[in-house]
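Residues per chain are reported as follows:
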Amino acid sequence: MTERRADVAVVGAGAMGTMALWRLALMGVSCVGFEQFRPGHGLGSSTGDTRIFRTAYFEGPGYVPLLQAALPLWRELEEASGEPLLNLCGALMIGGPDSVIVRGALRSARQHGLQHELIDGEELARRHPQHRLAGGEVAVVDPAAGFLRPEKAVAAAARVAAQAGAELKLETRVEAIESSGEGFRLTTSDGAWLANRMILASGAWNPRWVPDLPLQVERVVQTWFPIDDAAAFSAERFPVFIRQLDDGFTRYGIPSTGEATIKVAGHGGGRAADPDTVDRDATADDWASTADFVRRWLCGVGGEPVQARVCMYTNSPDEHFVIGEPPGRPGVVLVSACSGHGFKFAPVIGEIAARLANGADAGFDLVPFSPRRLVAVT
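Residues numbered from 1 in each chain as written. Predicted model: local features only at pLDDT ≥ 70, side-chain atom pairs only at ≥ 80, totals over all residues. Heavy atoms only, no water.

**Some remarks on the overall build of the protein**
In terms of regular secondary structure, the protein is built from 8 helices and 20 strands. The C-alpha atoms of the protein give a radius of gyration of 21 Å, which matches the 21 Å a tight globule of 378 residues would have. The dimensions of the protein, computed from C-alpha atoms along their principal axes, are 65 × 45 × 40 Å. Among the 378 residues that make up the protein, the fraction classed as buried is 57%. Long-range pairs, those at least 24 residues apart, make up 74% of the contacts in the protein between residues at least 6 apart in sequence. A total accessible area of about 15000 Å² is found for the protein, and carbon and sulfur atoms account for 49% of it. The positive charge centre, built from 36 side chains, and the negative charge centre, built from 45, are 1 Å apart in the protein. (Helix = DSSP H or I, 4+ residues; strand = E, 2+ residues; numbered from the N terminus. Rg over C-alpha atoms; globule rule 2.2 N^0.38 Å. Buried < 20%, exposed > 50% of the residue type's maximum accessible area, 1.4 Å probe, protein only. Contact = heavy atoms within 4.5 Å. Areas by Shrake-Rupley, 256 points an atom, 1.4 Å probe, with all protein chains shown as cover. Lys, Arg positive; Asp, Glu negative; His and termini not counted. Charge placed at Lys NZ, Arg CZ, Asp CG, Glu CD.)

**As for the packing of aromatic side chains**
In the structure shown here, the tally under the stated rule is 13 aromatic pairs. Ring geometry for Tyr-57 against Tyr-63: centres 5.2 Å apart, planes inclined by 50°, an arrangement best described as tilted. Here the aromatic cluster, defined as three or more aromatic residues joined through ring pairs, consists of Tyr-57, Tyr-63, Phe-321, Phe-345 and Phe-369. Directly above the aromatic system of Trp-22 lies the positively charged group of Arg-23, at a separation of 4.5 Å from the ring centroid. The ring of Trp-224 carries Arg-309 above its face, with NZ or CZ at 4.8 Å from the centroid. (Phe/Tyr/Trp six-rings, centres within 6.5 Å; stacked < 30°, edge-to-face > 60°. Lys NZ or Arg CZ within 6 Å of the ring centre and 35° of its normal.)

**Description of the sheet that holds strand E3 (residues 51-53)**
If you trace the 3 strands from one edge of the open sheet to the other, you get E3-E8-E4, paired in antiparallel fashion. A strand with exactly one partner marks an edge of an open sheet, and here the two such strands are E3 and strand E4 (86-87). Across 2 bridges, the pairing between E4 and strand E8 (residues 146-148) is antiparallel. Each residue of the ladder has a partner; that of Leu-86, found in E8, is Leu-148. (Pairing = 2+ DSSP bridges.)

Just geometry here; none of it tells us what the structure is for.
Structure representation (structure tokens):
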């Protein structure tokens, strides 16, 4: 079979891969994306019906410019696809005044002049009586926050990428990648391809291609709990929340999307997993801590989940992103290890990956996200 060619090959058509294909196609670059499943599947990381978008970013003010660039790209994708994807219902960062999430959100908001409020527990209880509060807790209100629809977003990005000229090879597994004098030769379940440059965007499968980087895949369970009053937990009355209690572990919640449930889960705390053999059956042991949180700290919510889904985080040791050329792999752009907080950035990371693969400047400071930092700490 004759080897087919593209200027850029994208391995993985999940959140980052479809966005990179979309932006490459708009640049007029010949590109092909390989996806072992179909865009919008529920077997990787970009799953769970909803994901949080926020701008007062407690993980660090360095992320804020990326978020400010991501927002108009999300709106552009909505317009191009005709699909509503982002609901800016606001968000609450709840914790003690010295908690990581409160201090971090305030730092990002103040450094970048973001609209925000700091409210005490009494005011929080008045506005949002769905929350039970511990003494001394406060909340940072981030009005430029809300939630995204991940499966719909990935499917929408795939559609608009194809409409713009990208080729997508679906249900096609990449079996081997070799460097060649012409760039890269990719052996797939549907034959071989040659590409000048390559973007690795296969999420939990990325460690297969960069085994020398210390990336850890984690199995995480998301849960949905029944609510007594759908109106009280609508996006209009129940903003997204992230809450840090004294144990340091963070829980988050997302309002109802039309069902008589809300999504409540914990960030991290899962076990190491292989994406090809991960246990996709959630049990009571997986959600026991979250159910205890719901019973203790939320009003009008049932204490046992009615649905649970397994997804995967790909974590770096410092939980910051990995974007750029891996050591010793010229012509490769790695986008990975978003450590469970990357989906909201997908269109801007796709834009960055497309620029780098097209030989252009990223437009952002990527030094904190360089793959080379991980080699230095191993």
